[in-house]
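Report on the structure
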Amino acid sequence: MIAAFLAISFEPLTFEAKASSVIACFNNIGPGFAEVGPMGSYASYSAFSKIILSITMLLGRLEIYPLLFILMPSLWKRKSNA
C-alpha cells in the first residue's frame, strides 16, 4: 500500500484523498474521503494513477498470501532426483 501511495503521490490532490483512495481500493470498500468521497469520483486522477489503483484493487482482492506463494522462487525450482 505504501508503494501505491508513493506512486500516486504526485497527483494534485490532498493527502487525505490520496491516502483514502489507496486504502479504499486495497480494501475494496468503495468511496474514500475528500475528492474521492461519496459525492466525488476518481475522474481527477491521471491514467497512470488509475492503473496503479486498479493493480492495488487486484492485490487487495487476491489477498497477500496466495500472491506471495505464487512469487516464491522455491515453487518454480525443479527438484532433481539425484
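Residues numbered from 1 in each chain as written. Predicted model: local features only at pLDDT ≥ 70, side-chain atom pairs only at ≥ 80, totals over all residues. Heavy atoms only, no water.

1. Some words on the overall build of the protein
We count it as follows: Secondary structure elements follow DSSP: runs of H or I no shorter than four residues count as helices, runs of E no shorter than two count as strands, and numbering proceeds from the N terminus. Radius of gyration: over C-alpha atoms. The globule rule applied is 2.2 Å multiplied by the number of residues raised to the 0.38 power. Three labels apply to residues, based on accessible area from a 1.4 Å probe with only protein chains included: buried if under 20% of the type maximum, exposed if over 50%, partly exposed otherwise in between. In this description, contact between two residues means that some pair of their heavy atoms is separated by no more than 4.5 Å. Throughout, the Shrake-Rupley method with a 1.4 Å probe supplies accessible areas, and for residues the shown protein chains are the sole cover considered. In this tally, Lys and Arg are treated as positive and Asp and Glu as negative; His is ignored, and so are the chain termini. A single reference atom marks each charge: NZ on Lys, CZ on Arg, CG on Asp, CD on Glu.
Secondary structure summary: the protein contains five helices and zero strands in total. Counted from the first residue to the last, the protein has its helices and strands arranged as α-α-α-α-α. Over its C-alpha trace the protein gives a radius of gyration of 17 Å, far above what one expects of a compact globule, namely 12 Å for 82 residues. In terms of overall dimensions, the protein has C-alpha extents of about 65 × 25 × 15 Å along its principal axes. Expressed as a percentage of the 82 residues in the protein, the buried residues total 26%. In the protein, 39% of the contacts between residues at least 6 apart in sequence involve partners at least 24 apart. Split by element, the accessible area of the protein, about 6200 Å² in all, is 71% carbon and sulfur. The averaged location of the 4 negative side-chain charges in the protein is 22 Å from the averaged location of its 6 positive side-chain charges.

2. Some points on the nonpolar core
Our working rule: Put simply, a nonpolar core is a bunch of buried Ala, Val, Leu, Ile, Met, Phe, Trp, Tyr and Cys residues held in one set by side-chain atoms that sit within 4.5 Å of each other.
Counting eleven residues, the largest nonpolar core is built from Ala4, Phe5, Ile8, Leu13, Ala17, Val22, Cys25, Val36, Tyr45, Ile52 and Leu53. Looking at this core, the elements with two or more residues in it are helix H1 (2-8), helix H2 (15-27) and helix H3 (47-62).

3. Looking at H3
Spacing of three or four residues puts side chains on the same side of an α-helix, whose turn is 3.6 residues. For clarity, the threshold we go by: What a helix is expected to span follows from its residue count: subtract one and scale by 1.5 Å. The arc in question is formed by the directions pointing from the helix axis toward the C-beta atoms.
Taking 1.5 Å per residue as the helical rise, H3 with its 16 residues ought to reach 22 Å, and the 23 Å between its terminal C-alpha atoms agrees with that figure. Listed as buried for H3 are Ser49, Ile52, Leu53, Thr56 and Gly60. Each buried residue of H3 sits inside an arc of 95° when the element is viewed along its axis, so together they form one side. What points out from H3, more than 90 degrees from its buried face, is the exposed set Ala47, Ile51, Leu58 and Arg61.

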